[in-house]
Amino acid sequence: MPVTAIVGAQWGDEGKGRIIDFLAQQADVVIRFQGGDNAGHTVINEYGKHALHLVPSGIFNPTTQNIIGAGCVVNPASLLDEMARLQAAGVALDSLWICHRAQMVMPYHRLLDELEEKARGKDSIGTTKRGIGPAYADKAARSGLRMGDLLHPDWLEARLDNALRTINRKLQILGGEPMDGQELYARLMAYRRKLGHRIVDTMALLRRALEADADILLEGQLGVMRDLDWGIYPYVTSSNPTAAFAPSGAGLPAGSLDRVIGVVKAYSTAVGEGPFPTELLDETGDRLREVGGEFGATTGRPRRCGWFDGVAIRYAAWLNGMTGLAVTKLDVLDGFDELKICTGYRLPTGEVITDVMPDTPQLYEVTPIYETWPGWRRDATAARSWDELPRAARAYLNRISELAGVPIAYVSVGPEREQMFATVP
Ligand code: GDP
Ligand code: IMO
Ligand code: MG
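Residues numbered from 1 in each chain as written. Chains lettered and ligands numbered in written order. Predicted model: local features only at pLDDT ≥ 70, side-chain atom pairs only at ≥ 80, totals over all residues. Heavy atoms only, no water.

Observations concerning the domain arrangement of the protein chain
- Domain annotation for the protein chain reports domain 1 (3–101 + 199–258), domain 2 (103–196) and domain 3 (262–422).
- Contact with domain 1, which involves 38 residues of that partner, is made by 42 residues of domain 3.
- Between domain 1 and domain 3 the total buried area reaches about 3200 Å² when both faces are included, carbon and sulfur atoms providing 58% of it.
- On the domain 1 side of the interface with domain 3, the three residues burying the most area are Trp11, Asp13 and Arg18, jointly 21% of the side's total.
- Remark: the boundary between domain 1 and domain 3 carries three salt bridges.
- Between Arg303 and Asp13 there is a salt bridge, with the nearest N and O atoms lying 3.0 Å from each other. (Domains from an automatic or database assignment. Contact = heavy atoms within 4.5 Å. Buried area = accessible area lost by both parts, 1.4 Å probe. Salt bridge = Lys/Arg side-chain N within 4 Å of Asp/Glu carboxyl O.)

Remarks on the coordination of the magnesium ion (ligand 3)
- Within the protein, the atoms that donate to the magnesium ion (ligand 3) are Asp13 (OD) and Gly40 (O), at distances of 2.0 to 2.1 Å. In this pair, Asp13 sits in the loop between β1 (3–8) and α1 (16–23) while Gly40 sits in the loop between β2 (29–32) and β3 (41–45), placing the two residues 27 residues apart along the sequence.
- Exposure remark for Asp13: the relative accessible area of 22% places this residue in the partly exposed category. (Donors = N, O, S within 2.8 Å, 3.2 Å for Na, K, Ca; no water. Helix = DSSP H or I, 4+ residues; strand = E, 2+ residues; numbered from the N terminus. Buried < 20%, exposed > 50% of the residue type's maximum accessible area, 1.4 Å probe, protein only.)

Structural notes on the pairing of strand β5 (residues 65–68)
- Sheet topology note: the β2/β5 ladder contains four bridges and is parallel. In the strand pairing of β5, Ile31 is matched with Ile67. (Pairing = 2+ DSSP bridges.)

Things to note about the site of ligand 1
- In the region of ligand 1, 20 residues are neighbours, and Lys16, Gly40, Thr42, Asp331 and Ser412 sit closest.
- The separation between an oxygen atom of ligand 1 and a polar main-chain atom of Gly15 is 2.8 Å.
- Asp331 places a side-chain nitrogen or oxygen 2.7 Å from a nitrogen atom of ligand 1.
- Within the complex, the protein chains bury 93% of what would otherwise be the 590 Å² of accessible surface of ligand 1.
- Sorting the residues of the shell around ligand 1 by element identifies α1 and β3 as the ones contributing at least two each.
- Split into classes, the residues belonging to the shell around ligand 1 amount to five nonpolar, eight polar and seven charged.
- For the shell around ligand 1, the two domains that each supply at least three residues are domain 1 (3–101 + 199–258) and domain 3 (262–422). (Near = heavy atom within 4 Å. Polar contact = N/O pair within 3.5 Å; in protein donor to acceptor, adjacent residues only side chain to side chain. Areas by Shrake-Rupley, 256 points an atom, 1.4 Å probe, with all protein chains shown as cover. Nonpolar A, V, L, I, M, F, W, Y, C, P; charged D, E, K, R; others polar.)

Digging into the sheet that holds β5
- Strand order in the open sheet formed by ten strands is β9-β7-β5-β2-β10-β1-β11-β15-β19-β20, and the pairing between neighbours is mixed. Either end of the sheet is taken by a strand with one partner, and the two such strands are β9 (199–200) and β20 (420–422).
- Here β1 runs beside strand β10 (residues 216–219); their pairing, made up of four bridges, is parallel. Bridging across to β10, Val3 finds its partner in Ile216.

Dropping the structure here:
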């Protein structure tokens, strides 16, 4: 049974949640390996519609163990809210575990995110304001608090004191109010009571699973183009959504990945700032947004929409070592007369780029080179196999696969669990 990483291949919101919910029906373990509640992974199944922020998307399968891995940053308040919502919908949470090494997102991290974005003015990143950047910054600065610290109150108190010494100064510099250590400590003790029994050394669980040849899914958050190192820096998140980081963030050996599935929308979207070469600021972009329901699952912001970017997918495929693509939202393209695919970027010098990703300042200046593909009139939502797709849709998908250099493993033609199929049954 394989270890499979499911990663975003574009700018996030590719439909990772729905793919994982589908695959988790066969999985023993699902682990989120990075990110925090900046994620909004939408899953629609017999439990209704849920935007998951921290809880892994395997939670709906009662036989799957669900782990929030060491590479994540966890806001306990937001996790508790999410758990309450899931419980109210009848979802059992007995199999939800939090790695003791995962970092904690503190109330001051959200505040700092807000204040830092304000201080950036017109150069803001457009973050989700969930405190993700400040929490990862504290992790790297070694002043972060970890979920496991909740299990050691004296240690926790000392760590909090230590952190607040600099945090409170930072807050004041940015025009915020300092935070009261005692009040924060009391809040943390409440989290300990509610979450303490779920905070464990998840590596032991994974090690047993790997040795038992279990089916393990590693759930990525966001996508390559917002990777801290390989994305459109500084308009990126503060962790690495790419597959190479998956085993580390989960707690598995480096060579343990058997499959890497890149999730990709049949067109492009992005939320937040930064260069986005195939963006459509016209009625075609509006149509994609409306038909695709392209509004952020976490912040509700309208998503920027554009044509499929073949350069970005080629880059994402290579960097992730993808073994297969999962293409989502094909149905959103139903009824277009023609579709465009970007196959290269032209630099102001005239040079054409297809195999690398220009750095951020250069990316603002590229002109996408498009080829035009015929659309299809038939409704793709009813297809449950490759052969049932409209012929023009198959041709379009084959071109995407060719540009990525990776076969298409799954196609999704609607948001519901059953509106998806493997290309090779
Ligand atoms: P994630 O963050 O990668 O999990 O993706 P999001 O949940 O943020 O965004 C994907 C959106 O597209 C959600 O609203 C899904 O319900 C929806 N969706 C996923 N797959 C399909 C599909 O094949 N067709 C349609 N129409 N919607 C889809
Ligand atoms: P999922 O997992 C889309 C974007 C923000 C911003 C940048 C940095 O649902 O795909 P952050 O709050 O992480 O510091 O913001 O990244 N962003 C997302 N965009 N989907 C997400 O998650 C995102 N998480 C962060 O809009 O541009
Ligand atoms: Mg999302």
